[in-house]
Amino acid sequence: MQKQLLTFLESTLNHEDNIHILAIAEKEMKVYKKERPVHQVRLALTFQEGETVNPYYDGADLFVTIRENNIQFVLERDWSDGTPAIKGSPIEFALGWYQS
């Protein structure tokens, strides 16, 4: 499941091949409409600008449903608009944030 989730996030978020995913963690699972399990996924990432990787990261909590052959974003209005939960923090703090 972890590899499937990483592949999904890379294919949907990294169209220009300039995003580096630093950490992914499932924070909690809850039941949404019609008993459908929803996974809260904490994601820390940074960007590459030319040949240089940005020394800061952004972090966000995303929500997905995971089925055997399909992962989909859900509850997008709760996380897709606005700024990330963490924006512009030094990369060395990414692991501490995503585990909190």
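Just so it is clear, the model here is predicted, and its values are computed rather than measured. (Residues numbered from 1 in each chain as written. Predicted model: local features only at pLDDT ≥ 70, side-chain atom pairs only at ≥ 80, totals over all residues. Heavy atoms only, no water.)

Here we look at the environment of Gly 96
Okay, step 1: Examined against the element boundaries, Gly 96 turns out to sit in helix H2 (residues 94–99).
Okay, step 2: Sequence separation between Gly 96 and Ile 21 is 75 residues; the distance between their C-alpha atoms is 15 Å. (Helix = DSSP H or I, 4+ residues; strand = E, 2+ residues; numbered from the N terminus.)

Observations regarding helix H1 (residues 2–13)
Okay, step 1: For H1, spanning 12 residues, the distance from its first C-alpha to its last is 16 Å, which sits close to the expected 16 Å at 1.5 Å a residue.
Okay, step 2: Within H1, the full set of buried residues consists of Leu 5, Phe 8 and Leu 9. Viewed end-on, H1 has its buried residues packed into an arc of 95°, placing them on one side of the element. (Expected span 1.5 Å × (residues − 1). Buried < 20%, exposed > 50% of the residue type's maximum accessible area, 1.4 Å probe, protein only. Arc of directions from axis to C-beta.)

Some words on the confidence of the model for the protein
Okay, step 1: For the protein, mean pLDDT is 85; residues scoring 70 or higher make up 91% of the total.
Okay, step 2: Element-level pLDDT for the protein is lowest in H2, with a mean of 78, against a maximum mean of 91 in strand E6 (residues 86–90). (pLDDT = per-residue confidence, 0-100.)

So, the layout of surface pockets
Okay, step 1: Roughly 300 Å³ of internal volume is contained in the largest pocket.
Okay, step 2: Taken together, 15 residues make up the lining of the largest pocket; nearest its centre are Leu 13, Leu 45, Ala 60, Leu 62 and Pro 84.
Okay, step 3: Among the secondary structure elements, those contributing two or more residues to the lining of the largest pocket are strand E2 (36–49) and strand E4 (56–67).
Okay, step 4: With four residues, E4 is the single largest residue contributor to the lining of the largest pocket.
Okay, step 5: Considered class by class, the residues forming the lining of the largest pocket number nine nonpolar, four polar and two charged. (1 Å grid on protein atoms, 1.4 Å probe; cavity = no way out; pocket = protein on both sides within 12 Å on 5 of 7 lines; lining within 4 Å. Points joined across faces, edges and corners; volume = space filled by probe spheres on them. Nonpolar A, V, L, I, M, F, W, Y, C, P; charged D, E, K, R; others polar.)

A few points about the nonpolar core
Okay, step 1: Membership of the largest hydrophobic core comes to 16 residues, with the highest contact counts inside it found for Leu 5, Leu 9, Phe 63, Val 64 and Ile 71.
Okay, step 2: Where this core is concerned, the elements lending two or more residues are H1, E2 and E4.
Okay, step 3: Once residues within four sequence positions are removed from consideration, Leu 9 is found in contact with Asn 14, Ile 21, Ile 24, Leu 43, Leu 62 and Phe 73.
Okay, step 4: Counting residues in hydrophobic clusters, the runner-up holds five residues, among them Ala 23, Ala 44, Tyr 57 and Ala 94. (Core = buried A, V, L, I, M, F, W, Y, C linked by side-chain atoms within 4.5 Å. Contact = heavy atoms within 4.5 Å.)

Section: the pairing of strand E5 (residues 70–73)
Two faces, one strand: in a regular strand the side chains alternate between the faces of the sheet.
Okay, step 1: Here E4 runs beside E5; their pairing, made up of four bridges, is antiparallel. By the bridge assignment for E5, Thr 65 is matched with Gln 72.
Okay, step 2: Linking E4 to E5, which pair antiparallel, is a turn of two residues. (Pairing = 2+ DSSP bridges.)

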